[in-house]
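What follows is each chain in one-letter form.
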Amino acid sequence: MTLDMRMRNNMFRRLPVEQATGRLYGGRHRLRVVYRTRDLVVLGLGVMIGSGIFKIAGEQASSTAGPGVLISFLIAGGVCVLAALAFAELSSIIPVAGSAYSFSYVAFGEVWAWVVGWSLIMELLLAASVLARVWSLYFTQALNDFGVPVPGWLGEVIGQVKGPDVLAFFILLLVVLMLATGSRMSLKTLWYMVMAKVIVIGLVIATGLKFFHSGNLTPFIPPAQPAPEGDRTVLDAVLGAFGGGTPHVFGVWGLFAAAPAIAFAYIGFDLIATASEETDDAPRKVPRGILTALLTTIVLYAAVAIALVGMVGMDGFAKLDPDKLLIAAAFDEVGAGAMGKIVDVGAVLALTTVILVVVISLTRVVFSMARDGLLPRPLAAMSRYKVPSRATLLAGGAAVVMSQTIDVLTLEQLVVIGTLFAFLFVAAAVLALRHSQPDLHRPFRMPAAPLVVIATILAIGWLMLNLKVETWAYFAIWMAVGIALYLAYGRRKSQMKLLLDAPPDRPVAAKLGPAPPPGAMPGSAGPLPPGVVPAGGPGLGDVRPAPGPYEPGAYELGAYEAGPYETGPWPADRRPGAPESPYPTGRYSTGRQPGGQFAREPFQDEQPPPERFQPYDRDGRGRTSGPYAPGPYGPRQSADPYAVDPGVPNPYASGPYAAGPYGSGEQPYAGPTFRESDYGEHGYEEHGYEQGYEQGYEQGYDEEPPGGRRRR
């Protein structure tokens, strides 16, 4: 391991993009592809449009912002759009199930990724528990509105704010079992419920606009009032400590104070990113799905807010029945009580889809952290249903236990702070990756990144400061527990740590045979041919490098090693593997011979190469029966160890003395071709050597060699 690797192998080690995108994960740790763009939009609508759409506008209008809550919806929506742009860019680069956790791992390092992942677990675990409780309350209310009798013993264990609740337990158990046995069935169920929910919302908007009165929107921004005790935010505490001011509601301040609660309603678009690994062409479809779902949600929320506030007005909210869902009570007030039952059905469906998507996202985050080793790795194993069933059962079981034992409804703001904390890191990760890895392929780019990212960070920070002081205290406790868990387990079991600790792969040396006897050819016991000088060193690795092509001795036997298509004298356990082509690194590669096949050394003018053997036969069909056949170059000798395989035509010959890399004519190695003046400083490019090579290369392949494949 190098010093640089040791220095990087600490808590701040970063996950390479290649590993984050799953290229190094095995099939046991891969999710199957099930989502398309429209599925992602439905997934976003399923999680962002919950029961809050039927009440949040009325609650914030009556307590914080007045009719100006419509501006608060736009402020919160604008902040979420900025964050969504950051999620869209990072999802196009790192389309994985970990979402903000994986983005932070790549951009900042492991310990920061753990912090973000731990925050996401808190957010999603609490969200599932809170939503299960609220689902039980609304389902019980729907039973009462439809006149369904509930036995007394059952009424004590359903629709409870805290303590054991059968309905909350039932809905979580149903969702967990559905997801643990395959997400395709859950996706179809999600489609039907989201469509039904959107139809209900359309009916609510249409009916509410029938009773709309513009007078109910005045005064649009009521005068500011002191905020009630017990609702002090961090921003109020800071301003009170330094400026001596008191918190206010309504007025201009109230417009911004209502934004964090409304942003909670929009939260969920980030969960679309957790489906990236299960989406076809995720780098393009996930950004599209995130932005489309968020913009659609903002429009629907704003339309419901206009209908509700315009139908009742600020003063009318105080007269509504507190035991009913706010918008259902508003329809009762204007004489459209039948809509109340439709709203009850819509609220139950809306909450069901939110629970389904939240549990899906929770299991994907746990799956990703376990796959990286920060949580027990068996949680990342895929079941026979091709889903992480272990992670689903563990995360779902934890949500069930939490919903039955903790008063989760009082911890609702922890969901908001966990989400905003992740948003903060995602926005910063855009700048970090733009700086550290500017060459990454980005199918989607955040426009005006430096300015927009800074604006996003400031806006998210503003929303976080508007949360309660006790929420920050609970969040700090949760994060302290997470850091301790990381130091005790995740830091030691991290897959990145194990990868960096592993010794680097070393090439295995080829097994060498005994050195040949002095004066013998490598791999043979016979003496060297006349004129061949032994390398002089012991062993196989001391073979003398071949001289240049025009140097005396260039064609002496033993100057060349066995080529990739030659049998050669080398034993089978020593012969190097054949490359894919005769010229693996270029036409004039120096890798074929130790000194380079076309390396030029000084030679004598007008001096032909040594007359040792006849390299080609007369008919162009390979070599003669012996490498030293009777001819102008000497007597017949033993078999040429460097000849082409017997019976295989020479692919580089096309005639008695084919045009080839060394010229052309009846005597290829003699005559004025080898004048030093011709092969001076620019001889290779300007004279017959290059031309002769090209001709030989083209003509030598006119005939197909045995086996039907040309050797190129």
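Coordinates for the structure precede this section.
Before going into details, it helps to say that this report is about the structure given with it. (Residues numbered from 1 in each chain as written. Predicted model: local features only at pLDDT ≥ 70, side-chain atom pairs only at ≥ 80, totals over all residues. Heavy atoms only, no water.)

### Observations regarding the packing of helix 5 (residues 69-93) against helix 18 (residues 412-436)
Right, on to step 1. Two numbers describe how helix 5 lies on helix 18: the axes approach to 9 Å, and their chain directions differ by 50 degrees. Considering their axes alone, helix 5 and helix 18 lie oblique with respect to each other. Between helix 5 and helix 18 lies a crossing of left-handed hand. Contacts from A83, A86, F87, E89 and L90 in helix 5 reach F423, V426, A427, A429, V430, L433 and R434 in helix 18.
Right, on to step 2. Looking at the contact of helix 5 with helix 18, its residues break down into 10 nonpolar, no polar and 2 charged. (Axes fitted to C-alpha atoms, helices over the stretch in contact; angles between N-to-C directions. Helix = DSSP H or I, 4+ residues; strand = E, 2+ residues; numbered from the N terminus. Parallel < 35°, antiparallel > 145°, perpendicular 65-115°, else oblique. Left-handed = near helix turned anticlockwise from the far one by under 90°. Contact = heavy atoms within 4.5 Å. Nonpolar A, V, L, I, M, F, W, Y, C, P; charged D, E, K, R; others polar.)

### Overview of the packing of aromatic side chains
Right, on to step 1. Per the stated rule, a full pass over the model turns up 18 aromatic pairs.
Right, on to step 2. Here the aromatic rings of W118 and W478 are separated by 4.6 Å at their centres, their planes lie at 15 degrees, and the arrangement is stacked. Note that W118 is positioned in helix 7 (residues 110-145) and W478 in helix 20 (residues 469-493), a separation of 360 residues in sequence.
Right, on to step 3. Grouped by ring-pair contacts, the aromatic residues F108, W112, F421, F425 and F475 constitute a single cluster. (Phe/Tyr/Trp six-rings, centres within 6.5 Å; stacked < 30°, edge-to-face > 60°.)

### Some remarks on unusual backbone geometry
Right, on to step 1. Put simply, T218 and P219 share a cis peptide bond, and its omega is -10 degrees.
Right, on to step 2. Note that P219 resides in the loop between helix 10 (183-210) and strand 1 (225-226).
Right, on to step 3. The phi dihedral of F250 is positive, around 60 degrees, even though this residue is not glycine.
Right, on to step 4. The backbone phi angle of D281 is positive, close to 55 degrees, even though this residue is not glycine.

### Quick look at the side chain of D39
Right, on to step 1. By the element assignment, D39 lies in helix 3 (residues 37-48).
Right, on to step 2. In this structure D39 touches V34, L187 and W191, once residues within four positions along its chain are discounted.

### Quick word on helix 19 (residues 449-465)
Right, on to step 1. Over its 17 residues, helix 19 runs 24 Å from end to end, which matches the ideal 24 Å to within 8%, given 1.5 Å per residue.
Right, on to step 2. Those residues of helix 19 hidden inside the fold are in contact with helix 5, helix 13 (259-266), helix 18 and helix 20. (Expected span 1.5 Å × (residues − 1).)

### Some details on the packing of helix 7 against helix 16 (residues 338-371)
Right, on to step 1. Where helix 7 meets helix 16, the axes come as close as 8 Å, and the angle between the chain directions of the two elements is 160 degrees. In terms of axis orientation, helix 7 runs roughly antiparallel to helix 16. The two elements helix 7 and helix 16 cross, and the hand of that crossing is left-handed.
Right, on to step 2. When the residues that make up the contact of helix 7 with helix 16 are grouped by side-chain class, the tally is 26 nonpolar, 4 polar and 3 charged.

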